[in-house]
2 protein chains.
Amino acid sequence: MNQSTETEIRIVLVEPSHPGNIGAAARAMKTMALEHLYVVNPKRYPDPQALWRAAGGDDVLENAVVCTELADAVGDCHWVVGTSARQRRIPWPVLTPEALAEEVGGRPGQRICILFGREDSGLTNEELQLCNAHIEIPANPVYPVLNVAMAVQVICYALYRGHTDSPPLVWDRPPATIDAFEALMARLDRVLTDTGFLHAGQPGQAATRIRRLLTRTQLDETEVAILHGLVTHIEKSSR
Amino acid sequence: MNQSTETEIRIVLVEPSHPGNIGAAARAMKTMALEHLYVVNPKRYPDPQALWRAAGGDDVLENAVVCTELADAVGDCHWVVGTSARQRRIPWPVLTPEALAEEVGGRPGQRICILFGREDSGLTNEELQLCNAHIEIPANPVYPVLNVAMAVQVICYALYRGHTDSPPLVWDRPPATIDAFEALMARLDRVLTDTGFLHAGQPGQAATRIRRLLTRTQLDETEVAILHGLVTHIEKSSR
């Protein structure tokens, strides 16, 4: 185990052909709060296309480590996984992106490498056999081939989701109480009956349907006030 | 409920600047088994960049519907959601990609639109207020700005991964289309202004809050008819 409790996640692009994909991967990482990018033996790099596609992830791109051998990127790591689209002859343990996030969460303080292969041919068998596990992104069997930077985005998203709770609902007004809601409904029923929209004695389905409409969206206090205003408007108009 | 049990999911790119992003979105959709791409008022399209980035998603790109108005893409849909990076002044219900997948799973047979905004400025407030809910991709608060095609990939992935089997919504009436809903809203606005409830020229927050209330609960056809009846009631009462 590493002394640090900080997990280091490295995204390793193995022999990418297109510099745009390197930049796009850097941006994808940045949006998911990852920063350690390694690029093994890129065909064209540095390149203006990479910088352009990196957008606000330019710092990740600038700090990227370029190496000539995969061993230089993975050597000091504790756990290595590689993305793979197809099942190999000798199957490896295969993780979904979400299962990967679980695994990473269970390895605090480790340096973890995630390998992404070439645009046209992915990772070689030798590279895949270097891995502790493989990752497969569930995809359309007819065409499961994600662009490499897209695959980086999906994996990084799953990792970010892995240790982030879903955001609580943000709302600008307090929710109305049931009492406040029922008072509104009672007044609405009365005014709609008095003014002839609902028929006294046989309100029929309309009253129930209006209630269903307003109950299934939890009203906030301001909405209750606006609807009271509307009821007053109907009341006054029909005098 | 709709006769068909097949849910149709439309990915709608609103005024994309870069043709590469249109192609990349088509590929992202294809990898996640989605096929209905709409492009509203693209700056450069068709374009060889789009085709190149589409790769094996070229059929999705070729079948894409290009329109000049957003209304043409969403009008016959039943439920519309839009991606948004920031919280608005009047907040809308916000879904994570996974919660979106749950919601979609609960709407069999509906036509569902997912809107993605411009590269530089996203969706306008007006476009966001057309939506029944907003989607926010959980991301690095320091830089949460995913490339638009990357956002398409993440959302489509979440949809493909699907939902724990939440029971489908059972309802007694077909959902209203967006066109029917917008016609109701336009008439409601007009009558509430003519009769003095909303002030012409400065409708203020009340109009937006009423819209938010009625968008976040997807209306069915009977509810739209009842609300039309109520608007007629207000109109006649104030004569």
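Model, not experiment: these values are computed from the prediction. (Residues numbered from 1 in each chain as written. Chains lettered and ligands numbered in written order. Predicted model: local features only at pLDDT ≥ 70, side-chain atom pairs only at ≥ 80, totals over all residues. Heavy atoms only, no water.)

Participant: Honestly, helix H7 (residues 148-162) of chain A in this entry has me stumped. Any pointers?
Facilitator: Note: α-helices contain 3.6 residues per turn, so residues at a spacing of three or four share the same orientation. Residues and elements named next belong to chain A. Given a rise of 1.5 Å per residue, 15 residues ought to cover 21 Å, and the 21 Å separating the end C-alpha atoms of H7 matches this to within 8%. Where burial is concerned, most of H7 is hidden: 14 out of the 15 residues are buried. Between the side-chain oxygen of the N-cap and the backbone nitrogen of Ala149 there are 2.8 Å, and the N-cap of H7 in question is Asn147. (Helix = DSSP H or I, 4+ residues; strand = E, 2+ residues; numbered from the N terminus. Expected span 1.5 Å × (residues − 1). Buried < 20%, exposed > 50% of the residue type's maximum accessible area, 1.4 Å probe, protein only. Polar contact = N/O pair within 3.5 Å; in protein donor to acceptor, adjacent residues only side chain to side chain.)

Participant: How should the sheet that holds strand S2 (residues 36-40) of chain B be read in this particular structure?
Facilitator: Two orientations exist for strands paired in a sheet by backbone hydrogen bonds: parallel and antiparallel. Residues and elements named next belong to chain B. Strand order across the open sheet formed by seven strands is S3-S2-S1-S6-S4-S7-S5, with parallel pairing between neighbours. Single-partner strands in this sheet number two, and they are strand S3 (65-67) and strand S5 (94-95). Judged from the six bridges that link them, strand S1 (residues 8-14) and strand S6 (residues 111-116) form a sheet pairing that is parallel. Within S6, the residue paired with Glu8 across the bridge is Arg111. (Pairing = 2+ DSSP bridges.)

Participant: Please clarify how the sheet that holds strand S7 (residues 133-135) of chain A should be interpreted in this entry.
Facilitator: All names here are of chain A. Spatially, the seven strands line up as an open sheet ordered S3-S2-S1-S6-S4-S7-S5, and their pairing is parallel. Lying at the two open borders of the sheet, with one neighbouring strand each, are strand S3 (65-67) and strand S5 (94-95). Note that strand S1 (residues 8-14) and strand S2 (residues 36-40) share five bridges and pair parallel. Directly across from Val12, in S2, lies its bridge partner Tyr38. In this fold helix H1 (residues 19-31) packs onto S1 and S2, with an angle of close to 160° to the strand it touches most, S2. Set on the sheet, H7 makes contact with S1, strand S4 (79-83), strand S6 (111-116) and S7; between it and S6 the angle comes to about 150°. (Contact = heavy atoms within 4.5 Å. Axes fitted to C-alpha atoms, helices over the stretch in contact; angles between N-to-C directions.)

Participant: What am I meant to see in the nonpolar core here?
Facilitator: Counting 85 residues, the largest nonpolar core has Leu37(A), Ile114(A), Leu37(B) and Ile114(B) as its most contacted members. Among the elements that take part in this core, H7(A) stands out by supplying eleven residues, more than any other. Excluding residues that lie within four positions of it along the chain, Ile114(A) makes contacts with Ile9(A), Arg10(A), Ile11(A), Val12(A), Val81(A), Leu100(A), Ile135(A), Ile155(A) and Leu159(A). Ranked by size, the runner-up nonpolar core spans 40 residues in total, among them Phe181(A), Leu198(B), Leu219(B) and Val224(B). (Core = buried A, V, L, I, M, F, W, Y, C linked by side-chain atoms within 4.5 Å.)

Participant: Which parts of the structure should I look at to understand the confidence of the model for chain A?
Facilitator: Residues with a pLDDT of 70 or more make up 91% of chain A, whose mean pLDDT is 89. Scored as a whole, the predicted complex attains pTM 0.85, and scored at its interfaces, ipTM 0.83. (pLDDT = per-residue confidence, 0-100.)

Participant: Any chance you could explain the interface of chain B and chain A here in plain terms?
Facilitator: Reports often express the size of an interface as the amount of accessible area lost when the parts come together. On the chain A side, the residues contacting the 69 residues of chain B number 66 residues. Of the roughly 5500 Å² buried between chain B and chain A on both sides combined, carbon and sulfur atoms contribute 64%. Considering only the side of chain B, the residues that lose the most area to chain A are Tyr143(B), Met150(B) and Tyr157(B), jointly responsible for 12% of the buried surface there. Along the contact surface separating chain B from chain A lie eleven salt bridges. With a shortest N-O distance of 2.6 Å, Arg161(A) and Glu98(B) are connected by a salt bridge. Taken together, the connections running from chain B to chain A amount to 25 residue pairs in polar contact (both at pLDDT 80 or more). Going through the elements one at a time, helix H1 (19-31), helix H2 (48-54), helix H5 (97-105), helix H7 (148-161), helix H9 (204-216) and helix H10 (221-237) of chain B are the ones with two or more residues in the side of chain B that touches chain A. Here the side of chain B that touches chain A takes nine residues from H10(B), the largest share from any one element. The residue inventory of the side of chain B that touches chain A, partitioned by class, reads 37 nonpolar, 19 polar and 13 charged. (Buried area = accessible area lost by both parts, 1.4 Å probe. Salt bridge = Lys/Arg side-chain N within 4 Å of Asp/Glu carboxyl O. Nonpolar A, V, L, I, M, F, W, Y, C, P; charged D, E, K, R; others polar.)

Participant: What exactly am I supposed to notice about the domain arrangement of chain A here?
Facilitator: According to the domain assignment, chain A consists of domain 1 (8-162) and domain 2 (178-237). Computed over C-alpha atoms, the centres of domain 1 of chain A and domain 2 of chain A are 56 Å apart. (Domains from an automatic or database assignment.)

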